[in-house]
Structure formats: C-alpha cells, structure tokens
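The residues making up each chain are set out below.
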Amino acid sequence: MSFLPYIFVLLGAILWGTTGTAQTLLPDSAHPFVISAGRSTVGGFSLLVIMILLKKINFKTWPWKETVYAAICISLFQLLFFSSVLLTGVAIASVVAIGSAPVFSGIIEWVFLKLRPSKIWGISTSFAIVGCLFLFLNKGEITINPIGILYSLIAGLIFAFYTLSSKSLLQKVEAIPAVAMTFSTSALLLMPFLFIYDVSWLKDAGNVGIIFYLGLATTSVAYVLYARGLHKIPSSSALTLSLAEPTTAAILGVFIVGEVLGVMSWIGILLLLGSIVVLTVGSKSNRKVA
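This write-up is about the structure you can find in this document. This structure is a prediction, so every number in the text was calculated from the model and none was measured.

Taken as a whole and assessed by the stated rule, the structure comprises 14 aromatic pairs. On the numbers, 6.0 Å between centres and 45 degrees between planes, the contact of F159 with Y226 is tilted. With F159 in helix α7 (residues 146-170) and Y226 in helix α10 (residues 205-230), this pair connects stretches of sequence that are 67 residues apart. Take F159 and Y226: they sit in the same class, and that class is buried.

Shown next, in the form of structure tokens:
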C-alpha cells in the first residue's frame, strides 16, 4: 500500500503532460490567461459542486489561509506556464518549469523547514537535471526564448511553493475537497481575465471541449491524484515524480503534434524516466528498511 502514493503522483503528472498537446489544438487567439481561467473554472467548480452535494465542505471551519495561499500559487503558476508555452514551446516550457520545481522544493524544505533532502532525492534529481540538459540539446524545431525560460523557472519556483502549501492544507482536510476549494478560489482570482481578453473562440464547441478536458482531466483528476499521493510522501519526492510531465509532453509532441526531437533529446527522456524509477524504487526500499 505504501507504494500507491507514488503511483498516484505519477499518474497525475502524466495527465499534466497532455496539457500542452491539448493547448496546441486551440486557435492562436486563445490567450494563455483565458485558458488558465477556463481551466480553473471548469476543474474547480465541477469538483466543488460535487463536494457540496456530498456535504464534504464546511465553509465556516474551512482552513481559508492555506487555501488562499495555494490558490494564489497555482494561479500564478498557470499564468506563467501557459505564457512560457506560448513563447518557447511545450517541451522546453514543461522541462524547465517542472524540472526546476524539485530542486527549488528541496532547497525550500532545507532552508525553511530544516529538512535535509534524502540521498535518493539527490540522486534522482541529478538524473533529472542531466535529462533536462539533454533535452535542451534538441536539434528539432523548438525555439528557446530567454523570456519564456525565465517564466518557466519562476513557474517552477511557484509550483514548489504550491506543493508545500498544498501539503499543509492536506494535513487539515481531505484531498478532493482541498483541490475543489483551491481551484475554485483560483478561478475567482483568474475570472477577470475572461472580461479583459478575447473569448470569441469559445463559441466553437470543439474549443469548449478542449477547455473542459483541461479542466476535468488535467486539473480535477490530475490534482486529486497528486494531492492524494502528496499527503503520504515528501513534497520534494512528489515534485521529482512530476518530471513524468515533461516526459509525457515530449513523447506526445513527437507522435501527436509532430515535433522533431534529436537523439540527445531521447537520451534526456530516458534519463528523466530513470530519475522516476530511482525515486520510486529507492523510496520503497527505504520504507522496507525502516
């Protein structure tokens, strides 16, 4: 049973990896901020309605401080990440954002929580960093935009803070209500963008379907899985497992979108997979020894 939390986080990350591919199916007029707002609205409110009907949420006793903090973090992450995708492409944006998050998380835990990262985390993260470097050596048709890279790095830092704040929230409430409240709050924060930018492209049923996929599959289901796993494992380990996202994004980019990846990039993907195996198997072995 102790192995399941790692599987939950891994499956959530794979679903996240489909986000970029789904985004490429939207028209050029679809602004990243509108996509973020639509994704949070569908994902958050759909879960919220279910949780309210099941009486899983008590608004009077709810831990609002942790929820608002997590909502701000995930809102900023989405704005930065989708903007980065627009500037520098799906593969690079995913690799830099999610690839940097476990490094930031380990440092944050070390500095603020006085939790020194484990050797397993260090080894798996090293694999991941080298894998990311190999992906940067891709000779395909991917443009590396410095501003996009900066957005992705900041997004990685913000996601590390989201993971820590979410872990704090999960100590007080269950995973699904936590995700419902976090993304519903995020939707309220992002909703003004629906009135600022062009949303005429949402008149097309196909585009609305993609937003619903982004909201339900890559938000509701993915974050519930991630939250359930995060409740049982260290946040730095969860973030390292999240590297399955850029791996999935790269593979889908090749077979679905038609992006061209060189040999170096494929080596990077294998190293990323290796980091996931090291973390998962190593963490399980440590539990058995303990």
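This part covers unusual backbone geometry. In terms of backbone geometry, most residues other than glycine have negative phi values and most peptide bonds are trans. Although it is not a glycine, K55 adopts a positive phi angle of roughly 55 degrees. Within the element layout of this structure, K55 appears in the loop between α3 (32-53) and α4 (64-88). On the basis of relative accessibility, which here comes to 75%, the residue K55 falls in the exposed class.

Tracing the chain through its elements places S186 in helix α8 (residues 175-190). The buried category is assigned to S186, whose relative accessible area is 0%. With near-sequence residues (within four places) excluded, S186 lies in contact with S40, A71, I74, S75 and Q78.

With respect to the helices and strands, the residue S83 is situated in helix α4. We classify S83 as buried; its relative accessible area is 13%. In contact with S83, other than residues within four places in its own chain, are P32, F33 and Y151.

Once rolled over the atoms, a probe with the size of a water molecule shows which space is left empty. Applying the stated criterion across every chain, the model contains two cavities of 30 Å³ or more. Considering only enclosed or pocket space, the largest cavity measures out at about 70 Å³ in volume. The class makeup of the residues in the lining of the largest cavity is six nonpolar, one polar and two charged. If you go around the second largest cavity, the residues you meet are A70, Y162, S166, L169, A178, V179, T182 and A227. Taken together, the residues of the lining of the second largest cavity break down into six nonpolar, two polar and no charged.

Moving on to the packing of α3 against α10. Two elements in contact, α3 and α10, have axes separated by 8 Å at closest approach and are oriented at 55 degrees. For the element pair α3 / α10, the angle class is oblique. The interaxial crossing formed by α3 with α10 has right-handed handedness. Where α3 abuts α10, its residues I35, G38, R39, V42, G43, S46 and L47 lie against I211, F212, L214, G215, L216, T218, T219, S220, Y223 and V224. Grouping the constituent residues of the contact of α3 with α10 by class yields nine nonpolar, seven polar and one charged.

Formed by 64 residues in total, the largest nonpolar core has its most connected members in I35, F77, F159, Y162 and Y223. Here this core takes nine residues from α10, the largest share from any one element. The next biggest cluster of nonpolar side chains, apart from the first, holds five residues, and it includes F33, A37, L79 and F193.

Bringing the pattern of salt bridges into the picture now. Taken as a whole and assessed by the stated rule, the structure comprises one salt bridge. Note that E66 and K172 form a salt bridge whose closest N and O atoms lie 2.5 Å from each other. Pair noted here: E66 is in helix α4 and K172 is in the loop between α7 and α8, with a separation of 106 residues, a long-range link.

Take the packing of α3 against α8 next. Two elements in contact, α3 and α8, have axes whose closest approach is 7 Å; the angle formed by their N-to-C orientations is 140 degrees. One element, α3, and the other, α8, form an angle in the oblique class. The way α3 lies across α8 gives a crossing that is left-handed. Between α3 and α8, the residues in contact are S36, A37, S40, T41, G44, F45, L47, L48 and M51 and I176, P177, V179, A180, M181, F183, S184, S186, A187, L188 and L190, respectively.

Cut-offs and rules
- Residues numbered from 1 in each chain as written.
- Predicted model: local features only at pLDDT ≥ 70, side-chain atom pairs only at ≥ 80, totals over all residues.
- Heavy atoms only, no water.
- Phe/Tyr/Trp six-rings, centres within 6.5 Å; stacked < 30°, edge-to-face > 60°.
- Helix = DSSP H or I, 4+ residues; strand = E, 2+ residues; numbered from the N terminus.
- Buried < 20%, exposed > 50% of the residue type's maximum accessible area, 1.4 Å probe, protein only.
- Contact = heavy atoms within 4.5 Å.
- 1 Å grid on protein atoms, 1.4 Å probe; cavity = no way out; pocket = protein on both sides within 12 Å on 5 of 7 lines; lining within 4 Å.
- Points joined across faces, edges and corners; volume = space filled by probe spheres on them.
- Nonpolar A, V, L, I, M, F, W, Y, C, P; charged D, E, K, R; others polar.
- Axes fitted to C-alpha atoms, helices over the stretch in contact; angles between N-to-C directions.
- Parallel < 35°, antiparallel > 145°, perpendicular 65-115°, else oblique.
- Left-handed = near helix turned anticlockwise from the far one by under 90°.
- Core = buried A, V, L, I, M, F, W, Y, C linked by side-chain atoms within 4.5 Å.
- Salt bridge = Lys/Arg side-chain N within 4 Å of Asp/Glu carboxyl O.

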